Amino acid sequence: MDEFMREVAALPSAPGEVEHPALALANSAVALPGGHTADLLGTPAQTEQWLTRRDLAPADTGLAETCATQLRSLREQIRSLLASRVAGRPALPAAVTAVNDAMSRVPTASLLVWDEKAGPYRATPHPTTAIVEHALAVIAADAADLLTSADAVRLTTCASPPCNRFLLKYGRRQWCSTRCGDRARAARAYARRTATA
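Along each chain, numbering runs from 1 in the same order as the chain's sequence is written. Residue-level local features of this predicted model are given only where pLDDT is at least 70; pairs of side-chain atoms are given and counted only at 80 or more, and the full residue set underlies all totals for whole chains, interfaces and linings. Working from all heavy atoms in the structure, the side-chain values ignore hydrogens and water.

On to the side chain of His20, then. For the purposes of this entry, the term helix denotes a DSSP run of H or I that reaches at least four residues, the term strand denotes a run of E that reaches at least two, and both are numbered from the N terminus. Topologically, His20 is positioned in the loop between helix 1 (2–10) and helix 2 (21–26). On the basis of relative accessible area, His20 is assigned to the buried category, the value being 9%. Buried, partly exposed and exposed residues are distinguished by accessible area as a fraction of the type maximum, computed with a 1.4 Å probe on protein chains only: under 20%, between the cut-offs, and over 50%, respectively.

Written as structure tokens, this is what we have:
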């Protein structure tokens, strides 16, 4: 699997991922040629690295599997919403609910805690949980913004099977990367050669 992870690591960001963390999250499960897939959120350490690269969590946060599972779950709901938007069909209510829940779950202030020795103070109940919930809220809000913005009409999927990445279309470009574009052109050339043979 290391070979596949290197291939995924070599993939540049799909158009729109830098501006939209929701698009980057949706693209964190990558379908590769040969029926292989790579999950950039496969372990808590990978999830933490993914969040840190996007300034959504500090390094050495110490994420648990529960936190990684929450992010993977939101990813599937956002993928569902993006796919519905691209296909022009209604979204699944559960996906809309999941995004709204992630946006509204984050407390806007730290809570009041009263310690009998130290007295009253304000604190976040569980710092790691708060970090993850904040990241989920930021990504969910970005998904809502993307789906309701003018950019939504440019949302599409990569036109090079088996790639499953989403992107914002610029001009005639219909691939998430040069690699996918080259693969699609090579497949068309091969199909033409074998059709004439």
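What follows covers the environment of Asn100. With respect to the helices, strands and loops of the structure, Asn100 is situated in helix 5 (residues 93–104). For the pair Asn100 and Ala144, spaced 44 residues apart in sequence, the C-alpha to C-alpha distance is 8.5 Å.

Now for the side chain of Arg79. Relative to the elements of secondary structure, Arg79 occurs in helix 4 (residues 65–87). No salt bridge is formed by the buried Arg79. Its closest oppositely charged neighbour is Glu76, at 4.7 Å. By the counting rule applied here, Lys and Arg register as positive and Asp and Glu as negative, while His and the ends of each chain are not counted. By salt bridge we mean one thing: a side-chain nitrogen of Lys or Arg within 4 Å of a carboxyl oxygen of Asp or Glu.

The α-helix advances 3.6 residues per turn, and as a result positions three or four apart in sequence lie on the same side. Here helix 7 (residues 178–196) spans 27 Å end to end across 19 residues, near enough to the 27 Å set by a 1.5 Å rise per residue. Within helix 7, the full set of buried residues consists of Cys180, Gly181 and Ala184. The arc that holds every buried residue of helix 7, seen down its axis, measures 105°, which confines them to one face. Away from its buried face by more than 90 degrees, helix 7 exposes Thr178, Tyr190, Arg193 and Thr196. Under the convention used throughout, the expected extent of a helix is 1.5 Å for every residue step, that is, one less than its residue count. The arc refers to the directions leading from the helix axis to the C-beta atoms.

Interpretation in functional terms is not warranted from these geometric data alone.
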